[in-house]
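Residues per chain are reported as follows:
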Amino acid sequence: MAASEAPTTGTSNLPAARVRRIIKEDKDIFACGPESLFLISRATEYFIDSLVRESYEFSRLDKRKTVQYKDMAKAVQSIEPYDFLADIIPPTTSVRKPAAPTTETPVPPVVTLD
């Protein structure tokens with residue numbers, strides 16, 4: 001669906017059967033009516049839209065039009081409502097060779113007893 005198109009009333013882009021299957025995985029939920037299923041689907045769509053829009057802003061700051069993983073990680077790190085995703089979308093880390101060890105001997109920490 002294009003960004004300018006308004007969704008048809010009472011429809012969702014997410015497949016209802018999959019949303020229902022995900023809901024059934026929660027042992028605390030015994031039943032879920034069609035209205036609840038629809039509202040959960042629409043809330044999920046809004047959440048995904050919000051996260052992608054915020055991620056897109058980070059890609060624009062890097063002068064790109066494509067959202068990459070690092071943009072989503074930046075959004076999760078910098079926007080408080082997405083803090084719960086920090087373990088799922090961790091920041092990117094570069095894999096470089098470690099720096100050559102120095103020949104200097106490390107200075108032991110100073111411990112003072114009062």
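Structure shown above.
Just so it is clear, the structure is predicted and the values come from calculations on it, not from any experiment.

Rules and cut-offs
- Starting afresh in each chain, residues are numbered from 1 along the sequence in its written order.
- With pLDDT at 70 or above as the cut-off, local features in this predicted model cover only qualifying residues; side-chain atom pairs require 80 or more to be listed or tallied, and sums for whole chains, interfaces and linings still use all residues.
- The basis for every side-chain value is the complete set of non-hydrogen atoms in the structure, without hydrogens or water.
- Helix and strand definitions here come from DSSP, where helices need a minimum of 4 consecutive H or I residues and strands a minimum of 2 consecutive E residues; each element is numbered from the N-terminal end.
- Think of it in three bands: residues with accessible area under 20% of the maximum for their type are buried, residues over 50% are exposed, and the middle band is partly exposed, with areas taken using a 1.4 Å probe on protein chains only.
- For this analysis, residues touch if any pair of their heavy atoms sits within 4.5 Å.
- A 1.4 Å probe and the Shrake-Rupley method give the accessible areas. Residues count as covered only by the protein chains that appear here.
- Grouping buried Ala, Val, Leu, Ile, Met, Phe, Trp, Tyr and Cys residues that are joined through side-chain atoms within 4.5 Å yields what is termed a nonpolar core.
- Salt bridge, as applied in this entry: a Lys or Arg side-chain nitrogen positioned within 4 Å of an Asp or Glu carboxyl oxygen.

With respect to the overall build of the protein chain
Step number 1: Along the backbone of the protein chain there are three helices and zero strands.
Step number 2: Counting from the amino terminus, the protein chain carries its helices and strands in the arrangement α-α-α.
Step number 3: The proportion of buried residues among the 114 residues of the protein chain is 17%.
Step number 4: For the protein chain, long-range pairs separated by at least 24 residues make up 31% of all intrachain contacts whose partners lie at least 6 apart in sequence.
Step number 5: Working note: accessible area of the protein chain is about 9900 Å², and carbon and sulfur atoms make up 59% of it.

Concerning the nonpolar core
Step number 1: L51, F58, A73, A75, V76, I79, Y82, L85 and I89 form the largest nonpolar core, which has nine residues in total.
Step number 2: By residue number, the principal contributor to this core is helix α3 (residues 69-78), which donates three residues.
Step number 3: Apart from residues no more than four positions distant in its own chain, Y82 is found in contact with F47, S50, L51, E54, A75 and V76.

A few points about the pattern of salt bridges
Step number 1: Applying the stated criterion across every chain, the model contains six salt bridges.
Step number 2: When the shortest N-O distance is used, the salt bridge between R53 and D49 registers 2.8 Å. Of this pair, R53 and D49 both sit in helix α2 (residues 34-61), separated by four residues, roughly a single helical turn.
Step number 3: When salt bridges that share partners are traced, they join D62, R64, D71 and K74 into one network.

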